[in-house]
Amino acid sequence: MQAKLLRVLEEGEVERVGGEKPIKVNVRVIVATHRNLEDLAKKNEFRPDLFHHRVYVFPLFLPPLRERSEDFPDLITHFARQVAAQNGWKEKIFSAEAIAALRKYSWPGNVRELRNLVERLVLLAGQDTINADEVRMVLPGGDAASSSGNAETGQGTLLERTEAFEREVLLGEIRRHNFHMTNVARAPRPRT
């Protein structure tokens, strides 16, 4: 595959599967990886000519999300707006405490993981503002049972306590199935 990519970049032509003649292309390629291509090229595990003459033209190094905590508020706001707009939902606001709780997580999945978690929080939020307890409930390793919601404290109206209890039950099921919504939907319902 690397040889084919190198040929395309050098000659500016591609051949369609089943095609009879090459097609001229004018493209720029952006390469993103978590692996060290320079080390791989030195070990001949990545084509050195592809790396040195085509891929490593203008390198940009972006530190992982866990090293860019100053970006959290802007990214969270952007993703919350994006998710709300895509789904026709009301926009949710993240409290300062919620953002602080998100900053404490290590983010092995980087920005993509943050976006998915923000979507999960916007989907499950009961109020207009997402708080730190809600964040802790959905973070990997979090504990839905440790939340201090209206259901446990007996605070709020019956409707608010019922909604808080339902949210906690749903979050517990979602966590039990590792956020795989199809499995949550297929889970047997408890008998009443």
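Residues numbered from 1 in each chain as written. Predicted model: local features only at pLDDT ≥ 70, side-chain atom pairs only at ≥ 80, totals over all residues. Heavy atoms only, no water.

How should the confidence of the model for the chain be read in this particular structure?
Close inspection of predicted coordinates is inappropriate for parts of the model with low pLDDT. Averaged over every residue, the pLDDT of the chain is 84; the share at 70 or more is 90%. Ranking the helices and strands of the chain by mean pLDDT puts strand β3 (residues 93–94) first, with 96, and helix α8 (residues 150–153) last, with 50. Between residues 143–149, whose pLDDT stays under 50, and residues either more than four places distant or in other chains, the model counts 11 contacts. (pLDDT = per-residue confidence, 0-100. Helix = DSSP H or I, 4+ residues; strand = E, 2+ residues; numbered from the N terminus. Contact = heavy atoms within 4.5 Å.)

Would you mind showing me how to read helix α5 (residues 96–103) here?
The periodicity of an α-helix, 3.6 residues per turn, causes residues three or four positions apart to be oriented the same way. Within α5, the full set of buried residues consists of Ala 98, Ile 99, Ala 101 and Leu 102. Viewed end-on, α5 has its buried residues packed into an arc of 160°, placing them on one side of the element. Structural note: α5 exposes Ala 96 and Glu 97 on the side pointing more than 90 degrees away from its buried face. Here the buried face of α5 lies against α4 (72–87), β3, α6 (110–124), β4 (129–130) and α7 (132–138). (Buried < 20%, exposed > 50% of the residue type's maximum accessible area, 1.4 Å probe, protein only. Arc of directions from axis to C-beta.)

What exactly am I supposed to notice about the packing of aromatic side chains here?
Between two aromatic rings, the relevant description is the distance of the centres plus the angle of the planes. Tallying each qualifying case throughout the model produces three aromatic pairs. Judged by centre distance (6.1 Å) and plane angle (50°), the rings of Phe 72 and Trp 107 are tilted. Highlighted residues: Phe 72 in helix α4 and Trp 107 in the loop between α5 and α6, separated in sequence by 35 residues. Of the residues examined, Phe 72 reaches a relative accessible area of 1% and is grouped as buried. Here the aromatic residues Phe 72, Tyr 105 and Trp 107 are joined through ring pairs into a cluster of three or more. (Phe/Tyr/Trp six-rings, centres within 6.5 Å; stacked < 30°, edge-to-face > 60°.)

It is not clear to me how the packing of α4 against α5 should be interpreted in this structure. Could you clarify?
For any two helices packed against each other, the geometry comes down to the angle between their axes and how far apart the axes lie. With their axes 10 Å apart at the nearest point, α4 and α5 run at an angle of 110° to one another. Taken together, the axis directions place α4 and α5 in an arrangement best described as roughly perpendicular. Within the contact between the two elements, α4 uses Phe 72, Pro 73 and Ile 76 and α5 uses Ile 99, Leu 102 and Arg 103. When grouped by side-chain class, the residues that make up the contact of α4 with α5 number five nonpolar, no polar and one charged. (Axes fitted to C-alpha atoms, helices over the stretch in contact; angles between N-to-C directions. Parallel < 35°, antiparallel > 145°, perpendicular 65-115°, else oblique. Nonpolar A, V, L, I, M, F, W, Y, C, P; charged D, E, K, R; others polar.)

Where do I start with the nonpolar core in this structure?
Note on soluble globular proteins: their nonpolar side chains tend to be buried together. Core analysis: the biggest nonpolar cluster contains 30 residues, and Phe 94, Leu 102, Trp 107 and Leu 114 have the highest contact counts within it. Elements supplying a minimum of two residues to this core: α4, α5, α6, α7 and α9 (158–176). Other than its neighbours up to four places away in sequence, Phe 94 contacts Ile 76, Ala 80, Ile 99, Leu 102, Val 118, Leu 121, Val 122 and Ile 130. Counting seven residues, the second largest nonpolar core, distinct from the first, contains Leu 37, Phe 46, Leu 50 and Phe 51. (Core = buried A, V, L, I, M, F, W, Y, C linked by side-chain atoms within 4.5 Å.)

Teacher, can you tell me more about the packing of α4 against α6 here?
Where α4 meets α6, the closest approach of the two axes is 9 Å, and the angle between their N-to-C directions is 55°. Overall, the two elements α4 and α6 adopt an arrangement that is oblique. Classified by chirality, the crossing of α6 by α4 is right-handed. Seen from α4, the contacting residues are Phe 72, Leu 75, Ile 76, Phe 79, Ala 80, Gln 82, Val 83, Gln 86 and Asn 87; seen from α6, they are Val 111, Leu 114, Arg 115, Val 118, Glu 119 and Val 122. In the contact of α4 with α6, the residues fall into 10 nonpolar, three polar and two charged. (Left-handed = near helix turned anticlockwise from the far one by under 90°.)

How do you make sense of a nonpolar patch on the surface when you look at a structure like this?
A surface patch of nonpolar side chains, about 240 Å² in accessible area, is lined by Val 27, Val 29 and Val 31. With respect to the element layout, Val 31 can be found in the loop between β2 (23–24) and α2 (37–42). (Patch = residues over 30% accessible without salt bridge, like charges linked within 9 Å, V, L, I, M, F, W, Y side chains within 5 Å. Areas by Shrake-Rupley, 256 points an atom, 1.4 Å probe, with all protein chains shown as cover. Salt bridge = Lys/Arg side-chain N within 4 Å of Asp/Glu carboxyl O.)

Quick question: what am I supposed to make of the pattern of salt bridges here?
Should their charged atoms come close, side chains of opposite charge can pair. One pass over the full model with this rule turns up eight salt bridges. Ionic pairing is found between Arg 81 and Glu 91, a salt bridge with its closest N-O pair at 3.1 Å. Taken as a pair, Arg 81 in helix α4 and Glu 91 in the loop between α4 and β3 lie far apart in primary sequence, 10 residues in all. Arg 81 gets classed as partly exposed once you look at its relative accessible area, which sits at 49%.

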